[in-house]
Amino acid sequence: MSGVTTRRAFLGTALAAAAAVPLAAPAGAANRRRIPRGGIGMHLYTMRNVLAQDFAGTVGQLAEIGYATVGVSGRHGYSAAAIRGMLDAVGLRSVLEHIAYPTLTGSGLGQALEDLHTLGAKWPVVPSLPGSMHSVAGFREAAREFNRIGAASRAAGLGPVLFHNHGSDHVVVDGENLYDILLKETDPHLVAFELDVYWAAKGGAAGPATYFVRHPHRFPALHVKDMAPNGDFADVGSGTLDFAAMFDHAREGGVRQWLVEHDSPADPFASARNSYNYLAALRY
């Protein structure tokens, strides 16, 4: 399927789902909803190059733009305590951290959960699965491991473990959609999802509105990333993805954090500003 066809199918599914399910909002409320200011965050992978040069200055500029929260992705040599100090100094709050799957499945789990407390974050996030696990058996194994990790996270006083998707996670193998295996075979109290809307579109997945309706309260965080007409990454609001349609059922999906991401911005600060301004002004 071509990239254009994939994007059309993705957006068409989102719009169809939004039209098929009655809104809970009062009459006349359509297009008046807005993302809570405390819910607009930056996934720090976007800023990795400038963070490596000046971590404190970078998070300070994000706060000045208006961001309220961050998702931590790489510490650039700093401890969890040092990062917490830099975030506290500018009034930003960490909500999650991306932690490698082998760390969470191995002996590093306990320290990772302790570090989340230090950061003041709520969710450990698996950013991806090893390529060798991209099979039905591999995703079933991951589902079992996620339940175990999620139980440990809950026992530590944190939230469920989240899984962050890429395009290849939405493929159908032996008649089964890999991503759907995780949705079906994990305990909703222990395992939830950080849906990357760009990679879902790129992978030909059902639209976010469809996921939110079918699996309520399982998507506490999103990666809000736009797609350029040629399929590349774009600042939020400048590309082809219909965010109003995506967010129409965000409340049903349990979305609490809209984390901006751009994998390769030419100017990270300009991209951060453009994306924030779009989300702050969006009505859906």
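Preceding block: the structure.
How each quantity is defined
Residues numbered from 1 in each chain as written. Predicted model: local features only at pLDDT ≥ 70, side-chain atom pairs only at ≥ 80, totals over all residues. Heavy atoms only, no water. Helix = DSSP H or I, 4+ residues; strand = E, 2+ residues; numbered from the N terminus. Buried < 20%, exposed > 50% of the residue type's maximum accessible area, 1.4 Å probe, protein only. Areas by Shrake-Rupley, 256 points an atom, 1.4 Å probe, with all protein chains shown as cover. Salt bridge = Lys/Arg side-chain N within 4 Å of Asp/Glu carboxyl O. Contact = heavy atoms within 4.5 Å. Core = buried A, V, L, I, M, F, W, Y, C linked by side-chain atoms within 4.5 Å. Axes fitted to C-alpha atoms, helices over the stretch in contact; angles between N-to-C directions. Parallel < 35°, antiparallel > 145°, perpendicular 65-115°, else oblique. Left-handed = near helix turned anticlockwise from the far one by under 90°. Nonpolar A, V, L, I, M, F, W, Y, C, P; charged D, E, K, R; others polar. Expected span 1.5 Å × (residues − 1). Arc of directions from axis to C-beta. Polar contact = N/O pair within 3.5 Å; in protein donor to acceptor, adjacent residues only side chain to side chain.

K.L.:
Looking at this model, I keep getting lost on the overall build of the chain. Mind explaining?
P.N.:
Along the chain, the regular secondary structure elements total 13 helices and twelve strands. Out of the 284 residues in the chain, the part that is buried amounts to 52%. Of the accessible surface of the chain, which amounts to about 11,400 Å², a share of 52% is contributed by carbon and sulfur atoms.

K.L.:
Is there a simple way to think about unusual backbone geometry in this case?
P.N.:
For residues besides glycine, phi is generally negative; the peptide bonds are generally trans as well. One non-glycine residue with positive phi stands out, namely H76, at about 55°. By the secondary structure assignment, H76 is in the loop between β2 (69–72) and α4 (80–90). The phi torsion at H217 lies on the positive side, around 65°, for a residue other than glycine.

K.L.:
Would you take a moment to explain the pattern of salt bridges for this structure?
P.N.:
Where charged atoms from two side chains of opposite charge come close, those side chains can pair. In total, this model carries ten salt bridges according to the counting rule given. We note a salt bridge from R140 to E185, for which the minimum N-O separation is 2.6 Å. In this pair, R140 sits in helix α7 (residues 136–155) while E185 sits in the loop between α8 (178–184) and β8 (191–196), placing the two residues 45 residues apart along the sequence. The structure contains a network of salt bridges with shared partners spanning D196, K225, E261 and D263.

K.L.:
Sorry if this is basic, but what is going on with the side chain of S275 here?
P.N.:
Mapped onto the elements of the fold, S275 is located in helix α13 (residues 268–281). With near-sequence residues (within four places) excluded, S275 lies in contact with Y67, D235, V236 and V260.

K.L.:
Help me out: how do you make sense of the nonpolar core in this one?
P.N.:
Within soluble globular proteins, side chains that are nonpolar tend to cluster in buried spots. In terms of nonpolar packing, the biggest core is built from 77 residues, with M47, Y67, L129, F146, F243, F247 and W258 touching the most fellow members. Per-element accounting of this core gives the leading share, six residues, to α7. Residues contacting F243, with those up to four places away along its chain left out, are V197, V224, K225, D226, V236, G237, Y278 and L282.

K.L.:
In this structure, what is going on with the packing of helix α3 (residues 55–65) against α13? I would like to understand it.
P.N.:
Packed helices, taken two at a time, are described by the angle between their axes plus the distance between the axes. Running from N to C, α3 and α13 cross one another at 25°; their axes reach a closest spacing of 10 Å. Classified by the angle their axes make, α3 and α13 are roughly parallel. Where α3 crosses over α13, the two elements pack in a sense that is right-handed. Residues T58, Q61, L62 and I65 of α3 form the contact with α13, whose participating residues are F269, A272, R273 and Y276. Each residue belonging to the contact of α3 with α13 can be placed in one class, and the counts come to five nonpolar, two polar and one charged.

K.L.:
Looking at this structure, how should I read α13?
P.N.:
For an α-helix the count is 3.6 residues per turn, leaving residues at separations of three or four pointing the same way. Helix length check: α13, at 14 residues, gives a terminal C-alpha distance of 20 Å against a target of 20 Å (1.5 Å per residue), a fit within 8%. By the burial criterion, the buried members of α13 are P268, F269, S271, A272, S275, Y276, L279 and A280. Summarising the axial view, the buried residues of α13 lie within an arc of 155°, below the 170-degree limit, and thus occupy one face. Buried residues in α13 make contact with β1 (40–43), α2 (48–53), α3, β9 (221–224), α11 (243–247) and β12 (257–260). With a side-chain oxygen positioned 3.1 Å from the backbone nitrogen of F269, the residue opening α13 is D267.

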